[in-house]
Amino acid sequence: MSDFLERMKKAAKSSKKTIVLPEGEDPRTIEAAKKIVAEGLANLVILGDPDKIDVEGVTVIDPRSAEKHDEYAAAFAELRKKKGVTLPEAMEQMNDATYFGTMMVKMGDADGLVSGACHSTANTLRPALQILKTAPGTKLVSAFFIMCTDKAEYGDDGTLLFADCGLNIDPTADELSEIAIASAGSWEKYMGTQPKVAMLSFSTMGSAKGEVPTKVQEATELAHEKAPELAVDGDLQLDAALVPSVAALKAPGSDVAGKANVLVFPDLEAGNIGYKLVQRFAGAQAYGPILQGIAKPVNDLSRGCSADDIVGVVAITAVQAQMAE
Ligand SMILES: CC(C)(COP(=O)(O)OP(=O)(O)OC[C@H]1O[C@@H](n2cnc3c(N)ncnc32)[C@H](O)[C@@H]1OP(=O)(O)O)[C@@H](O)C(=O)NCCC(=O)NCCS
Ligand SMILES: CC(=O)OP(=O)(O)O
């Protein structure tokens with residue numbers, strides 16, 4: 001297994017960031033918080049009932065009675081006034097821990113947020129998309145997993161990036177090309193090696209016909225046009241993307257086939273099922289969904305996550321906050 005997590009933890013420790021965990025009622029979050037404090041990975045703010053949360057060395061805030069509740073509500077109402085949000089509605093919205101926590105990040109009272117252990121992805125990410133918006137120069141926010149497996153022959157020593165596994169349900173060819181380019185950038189940022197991006201489908205180099213391979217071929221062309229320096233190829237089936245002997249047969253001459261480390265799935269159905277298959281059958285560590293293209297660090301979790309998964313995503317979030325400085 002690669003040293004990805006250890007590198008993230010080491011970096012997180014080097015300058016502790018403040019991360020907000022809105023799910024104080026979730027036992028895995030509490031277990032993770034204790035580990036994060038013990039390892040010195042981040043300063044934590046946990047949202048919930050202070051009488052029920054007993055973790056030494058963290059700040060506990062109840063959004064309903066928080067000193068900044070009304071200030072955040074006023075700022076949220078101002079941000080969303082074009083969408084028709086009134087102050088009374090904003091006051092109500094700030095009782096919701098995910099909205100309150102996201103406003104903490106927006107207002108600079110926290111450096112990042114991690115949630116989703118007991119909330120759906122839509123409910124976790126909607127506040128971030130509404131409040132924080134896309135990073136400058138970015139059109140689309142998307143979500144990836146870093147998958148750490150013990151299959152050293154695949155990716156970089158068994159580690160790969162899978163996208164989009166969390167956010168964009170049925171991306172267009174243009175959106176898919178944006179996901180590919182953003183994912184390559186994320187790979188470089190977190191792994192420090194050259195990204196080799198496989199645009200996945202059920203077809204390799206047009207071997208099968210259908211709407212999906214056509215979309216994936218178009219997305220690959222668009223990615224080439226937008227980022228000519230990038231090693232990106234498709235359409236590729238998963239075996240052609242990862243296995244050199246299959247690549248030699250199905251996609252000879254490709255600079256990606258047989259050595260891909262970034263896998264871009266054609267839609268969320270494939271991406272979400274795909275990451276869970278690898279996580280459960282291959283016993284991979286799956287860190288994410290990590291957002292790329294959002295203005296400030298907010299990351300999601302699967303409701304199936306473990307406390308250790310939360311620790312990993314918090315470390316990554318802290319590193320994102322450092323990188324944004
Ligand atoms: C996240 C999600 C809820 C957003 O869609 P929605 O609730 O219908 O909300 P909207 O489409 O109104 O979007 C809300 C805001 O986010 C923005 N937004 C939505 N998707 C975005 C994206 N991919 N990139 C950038 N901005 C985006 C919209 O522009 C909108 O901004 P505005 O309110 O300021 O105009 C939706 O994409 C979704 O359900 N995705 C699938 C999540 C999921 O179920 N995953 C499976 C498990 S991981
Ligand atoms: C990422 C994901 O699939 O989240 P959940 O399992 O909570 O739906």
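Reference entry: report on the structure contained in this document. The structure displayed is predicted, hence computed values, not measured ones.

Describing the overall build of the protein chain
Phase 1: Of the regular secondary structure elements, the protein chain holds 12 helices and 11 strands.
Phase 2: A compact globule built from 325 residues should have a C-alpha radius of gyration of about 20 Å, and the protein chain, at 20 Å, falls within 12% of that.
Phase 3: With the C-alpha coordinates of the protein chain rotated into their principal frame, the extents come out at 65 × 45 × 30 Å.
Phase 4: Counting across all 325 residues of the protein chain, residues that qualify as buried make up 54%.
Phase 5: Within the protein chain, contacts between residues at least 6 apart in sequence are counted, and of these 69% link residues at least 24 apart.
Phase 6: Only carbon and sulfur atoms are counted for the fraction: they give 51% of the accessible area of the protein chain, which is about 14,000 Å².
Phase 7: Measuring between centres, the 32 positive side-chain charges of the protein chain sit 1 Å from its 46 negative side-chain charges.

Structural notes on the site of ligand 1
Phase 1: In the vicinity of ligand 1 there are 17 residues, among which R80, K83, R126, K133 and V141 approach most closely.
Phase 2: One of the side-chain N or O atoms of K83 is found 2.7 Å from an oxygen atom in ligand 1.
Phase 3: One of the backbone N or O atoms of G166 is found 2.9 Å from a nitrogen atom in ligand 1.
Phase 4: Computed on the free molecule, ligand 1 has an accessible area of 930 Å², of which 63% lies beneath the protein chains in the complex.
Phase 5: Contributing elements (two or more residues each) for the shell around ligand 1: α6 (121–131) and α11 (268–281).

Points about the packing of helix α5 (residues 97–106) against α6
Phase 1: Where α5 meets α6, the axes come as close as 9 Å, and the angle between the chain directions of the two elements is 35°. Where α5 crosses over α6, the handedness of that crossing is right-handed. The segment α5 lies against α6, with T98, Y99, T102, M103 and K106 engaging N123, T124, R126, P127, A128, Q130 and I131.
Phase 2: Along the lines of polarity and charge, the residues of the contact of α5 with α6 split into 5 nonpolar, 5 polar and 2 charged.

Things to note about the pattern of salt bridges
Phase 1: Under the defined criterion, the tally for this structure stands at 14 salt bridges.
Phase 2: A salt bridge links D308 to K35; the shortest N-O distance between them is 2.7 Å. Here D308 is found in helix α12 (residues 307–323), whereas its partner K35 is found in helix α2 (residues 27–39), with 273 residues between them in sequence.
Phase 3: Owing to a relative accessible area of 42%, D308 belongs among the partly exposed residues under this scheme.
Phase 4: Here E178 makes a salt bridge to K139, at a shortest N to O gap of 3.9 Å. Linking E178 in helix α7 (residues 173–191) with K139 in the loop between α6 and β5 (142–148), this pair joins segments that are 39 residues apart in sequence.
Phase 5: A network of salt bridges, in which partner residues are shared, links K139, D174, E178 and K226.

Analysis parameters
Residues numbered from 1 in each chain as written. Chains lettered and ligands numbered in written order. Predicted model: local features only at pLDDT ≥ 70, side-chain atom pairs only at ≥ 80, totals over all residues. Heavy atoms only, no water. Helix = DSSP H or I, 4+ residues; strand = E, 2+ residues; numbered from the N terminus. Rg over C-alpha atoms; globule rule 2.2 N^0.38 Å. Buried < 20%, exposed > 50% of the residue type's maximum accessible area, 1.4 Å probe, protein only. Contact = heavy atoms within 4.5 Å. Areas by Shrake-Rupley, 256 points an atom, 1.4 Å probe, with all protein chains shown as cover. Lys, Arg positive; Asp, Glu negative; His and termini not counted. Charge placed at Lys NZ, Arg CZ, Asp CG, Glu CD. Near = heavy atom within 4 Å. Polar contact = N/O pair within 3.5 Å; in protein donor to acceptor, adjacent residues only side chain to side chain. Axes fitted to C-alpha atoms, helices over the stretch in contact; angles between N-to-C directions. Left-handed = near helix turned anticlockwise from the far one by under 90°. Nonpolar A, V, L, I, M, F, W, Y, C, P; charged D, E, K, R; others polar. Salt bridge = Lys/Arg side-chain N within 4 Å of Asp/Glu carboxyl O.

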